[in-house]
Amino acid sequence: MKVDFEKYRQQRDRQQEERLRIQWKFARYDDDAAQLKKLYGKLAPRGAHFSKSGGGGFSGAGSYRGWDPDSDKQFVMVKMRYSDKLDSHQKFLEEYITQEKKEGVAVKPVVFTGKLNPFASGGERKVVYGQEALEEYKSKMVGRHYKFIISPDSKDVPLEQFTTAYMHRIQREMGMRLDWLAAIHTDTGHPHVHILVNGRTAEGLEPSRLFRKDFIRHRCRTIASDIATNMIGPRTDEQKKIAREKIFEALRWTPNDQHIQEASRDGLVVPANEFMRRRLDFLTTKGLAQFKDGKYILDKKWDEILVNTGRYNSFLEAREELKWTDKANLELFSGKGKIQGKVTKLYCMNEEYQHNNGLLVEDGKGQAWFVPLFNPPPAQFAGKNVIIENQANSKGLLVPKIQLDKEAMLREKMEKRNEKGKEW
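The rules behind the values
Residues numbered from 1 in each chain as written. Predicted model: local features only at pLDDT ≥ 70, side-chain atom pairs only at ≥ 80, totals over all residues. Heavy atoms only, no water. Helix = DSSP H or I, 4+ residues; strand = E, 2+ residues; numbered from the N terminus. Contact = heavy atoms within 4.5 Å. Buried < 20%, exposed > 50% of the residue type's maximum accessible area, 1.4 Å probe, protein only. Pairing = 2+ DSSP bridges. Axes fitted to C-alpha atoms, helices over the stretch in contact; angles between N-to-C directions. Phe/Tyr/Trp six-rings, centres within 6.5 Å; stacked < 30°, edge-to-face > 60°. Lys NZ or Arg CZ within 6 Å of the ring centre and 35° of its normal. Core = buried A, V, L, I, M, F, W, Y, C linked by side-chain atoms within 4.5 Å. Polar contact = N/O pair within 3.5 Å; in protein donor to acceptor, adjacent residues only side chain to side chain. pLDDT = per-residue confidence, 0-100. Salt bridge = Lys/Arg side-chain N within 4 Å of Asp/Glu carboxyl O.

Q: Got a minute to help me understand the overall build of the protein in this structure?
A: Within the protein one finds twelve helices and 16 strands. Long-range pairs, those at least 24 residues apart, make up 65% of the contacts in the protein with a sequence separation of at least 6.

Q: Please clarify how the side chain of R144 should be interpreted in this entry.
A: Locating R144 in the fold gives a position in the loop between α4 (130-138) and β5 (145-152). Taking the relative accessible area as the measure of exposure, R144 reaches 11% and is therefore buried.

Q: Can you help me understand the environment of D68 in this one?
A: With respect to the secondary-structure elements, D68 resides in the loop between β1 (57-60) and β2 (76-83). The class of D68 is partly exposed, set by a relative accessible area of 43%. Note: C-alpha distance between D68 and A243 (175 residues apart in sequence) is 8.8 Å.

Q: I would appreciate a short explanation of the pairing of strand β6 (residues 180-185) in the present structure.
A: For a regular strand, side chains alternate in direction, first toward one face of the sheet and then toward the other. Counting buried residues along β6, five of its six residues qualify, which places the element largely inside the surrounding structure. Sheet analysis places β6 next to strand β7 (residues 192-198), joined by six bridges and oriented antiparallel. Following the sheet pairing, L181 is matched in β7 by L196.

Q: Would you mind showing me how to read the sheet that holds strand β11 (residues 330-332) here?
A: In sheet architecture, strand pairing relies on hydrogen bonds along the backbone and comes in two forms, parallel and antiparallel. If you trace the six strands from one edge of the open sheet to the other, you get β11-β14-β13-β12-β15-β16, paired in mixed fashion. Each having just a single partner strand, β11 and β16 (398-404) make up the two edges of the open sheet. Strand-to-strand twist in this sheet, taken as the mean axis angle between neighbours without regard to direction, amounts to 40 degrees. Both strand β12 (residues 338-347) and strand β13 (residues 357-362) contribute to a ladder of five bridges, which runs antiparallel. Along β13, the bridge assignment pairs K345 with L360.

Q: Any chance you could explain the packing of aromatic side chains here in plain terms?
A: The full count for this structure, using the stated rule, is eleven aromatic pairs. Considering the side-chain rings of F162 and Y166, the 5.8 Å spacing of their centres and the 15 degrees angle between planes classify their relative orientation as stacked. In this pair, F162 and Y166 are both assigned in helix α5 (residues 159-174), four residues apart and thus about one turn of the helix distant. There is no split in this pair, since F162 and Y166 are both buried. Taken together, the aromatic side chains of Y82, Y146, F148 and F211 make up a single cluster linked through ring pairs. Here the guanidinium or amino end of K345 rests over the ring plane of Y347, the centre of that ring lying 5.5 Å away.

Q: I would appreciate a short explanation of the pairing of β13 in the present structure.
A: β13 sits mainly inside the fold: six of its six residues count as buried. The side-chain alternation of β13 yields two buried faces, one formed by N357, L359 and V361 and the other by G358, L360 and E362. Examined bridge by bridge, β13 and strand β14 (residues 368-373) share six bridges and lie antiparallel to one another. Residue pairing across strands places G358 opposite P372, the latter belonging to β14. The loop that links β13 with its antiparallel partner β14 comprises five residues; one of these, G364, has a positive phi angle of about 75 degrees.

Q: How do you make sense of the sheet that holds strand β9 (residues 289-292) when you look at a structure like this?
A: One open sheet accounts for three strands, arranged β8-β10-β9; its pairing is antiparallel. Both edges of this open sheet fall to β8 (268-269) and β9, since each of them pairs with a single strand only. As judged from the four bridges shared by β9 and strand β10 (residues 295-298), these two strands associate in the antiparallel manner. Bridge pairing links A289 to L298 in β10. On the sheet, helix α9 (residues 274-285) packs against β8, β9 and β10 and is oriented at approximately 50 degrees with respect to β10.

Q: Before we go on, may I ask you to explain the nonpolar core in this structure?
A: Among soluble globular proteins, nonpolar side chains are generally buried collectively. Counting 30 residues, the largest nonpolar core has F148, Y166, I195, V197 and F211 as its most contacted members. Broken down by secondary-structure element, the contributors of at least two residues to this core are β2, β5, α5, β6, β7 and α6 (213-232). When residues in this core are grouped by element, the largest group, seven residues, is from α6. Setting aside anything within four residues of it in sequence, one finds I195 in contact with Y146, K147, F148, I150, T163, Y166, M167, W180, L181 and A182. Counting 24 residues, the second-largest nonpolar core is a separate cluster that includes I260, A318, L322 and L332.

Q: Would you explain the side chain of H194 in this entry?
A: Within the fold, H194 resides in strand β7. At a separation of 3.2 Å, a polar atom in the side chain of H194 contacts the side chain of H192. Beyond its immediate stretch of four places on either side in the chain, H194 contacts F92, Y96, I97, F148, I149, L181, A182, A183 and H185.

Q: Help me understand the confidence of the model for the protein in this model?
A: Low pLDDT marks stretches whose predicted atomic positions should not be read closely. This prediction gives the protein a mean pLDDT of 78; 78% of its residues lie at or above 70. Counted against residues more than four places away or in other chains, residues 16-66, with its pLDDT under 50, gives 115 contacts.

Q: Any chance you could explain the pattern of salt bridges here in plain terms?
A: A pair can form between side chains of opposite charge whenever their charged atoms are brought close. For the structure on display, the rule yields 15 salt bridges. Between D179 and K140 there is a salt bridge, with its nearest N and O atoms 3.9 Å apart. Of this pair, D179 sits in the loop between α5 and β6 while K140 sits in the loop between α4 and β5, and the two are 39 residues apart along the sequence. The exposure class of D179 is buried, given its relative accessible area of 13%. Exposure remark for K140: the relative accessible area of 31% places this residue in the partly exposed category. Linking R277 and E274 is a salt bridge whose minimum nitrogen-to-oxygen distance equals 2.4 Å. Here R277 and its partner E274 are both found in helix α9, three residues apart, which amounts to about one turn of the helix. What emerges from the salt-bridge pattern is a single network uniting R169, E173 and R219.

Set out below in structure tokens:
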């Protein structure tokens, strides 16, 4: 009997294509059916949650938290945030992702996008570069946009091939075609890729929520990890060793810090084991502990600071940027009561190395606050006296309400005028 191997291969490829595709009404996936069911629940029919309205904000996925440092799979950090503002979308596209106005970057990154229907059988994935990719994306962009930062732990991962494979897989699992643009940034010690996804799909639909929360929190990183592992193989023993080292350097509260807290007596700690000693040594480098006479002296707010740092990555950095306040007196604005002071720094996600939106406020009397914000702070508040208190928004959520402190600004103006008069 003669076997038609070509027909067999075509049939096998069709079956594989069908297994990989995630439909809206049902999911068929070899090994992840149970996981996907848990993540998505009952998937809505296409278009059920689409609308032209939508809020703004950010969402994130991917960190060392909950990740096994001894896992054989490659670790890939994945973070995502989104916004509804068209001007923010345009600025990110024209300046940030291209690093057009960033100083010190001699060779600007080349933007690119994939040009193949992710649901079509066979064919090579075409990649479009530079101005052609940029102009095509700009012609379709809307206010809503999603910004991904993806950074494989290993530098051996070929980022362009990884990105096109990643977006191909994402679209297949979501069951829709996306308009996206990417660029590889090499200006830091660890090359990473930025992916910008338009809020309007290739079919012209504008969903109120393009990416489901569970998909962002879990599935995005799993997909990235699988692709990186397939590309360069499982993690080596050396990579696992380095990952274990990173646990000691976590800039957040960890379960192991609980042991340090329990072992402390009036802020003094004698390490009970090597792990505790190495963790305390790291906290010392961050100013959260001191070593003296064989003991470690903990900062009075070391535990609170680690908790805040885990929630807001800019908090620890803010302690080093205070102008008039001792770093021990920097607090996170909890939303209770009212605070008054001068804005001495703005934190904006769209700026390089910033992962949070917020304000640094100092009252000039020895107290300061880090105020986390949902959206980027307006530039008009820089250097101005403000009053901040919580207020319910249209959704009933309490958010910081910021208004200029005109009385304080007037007093400051009069004081400067008087000082100038004395000089004469």
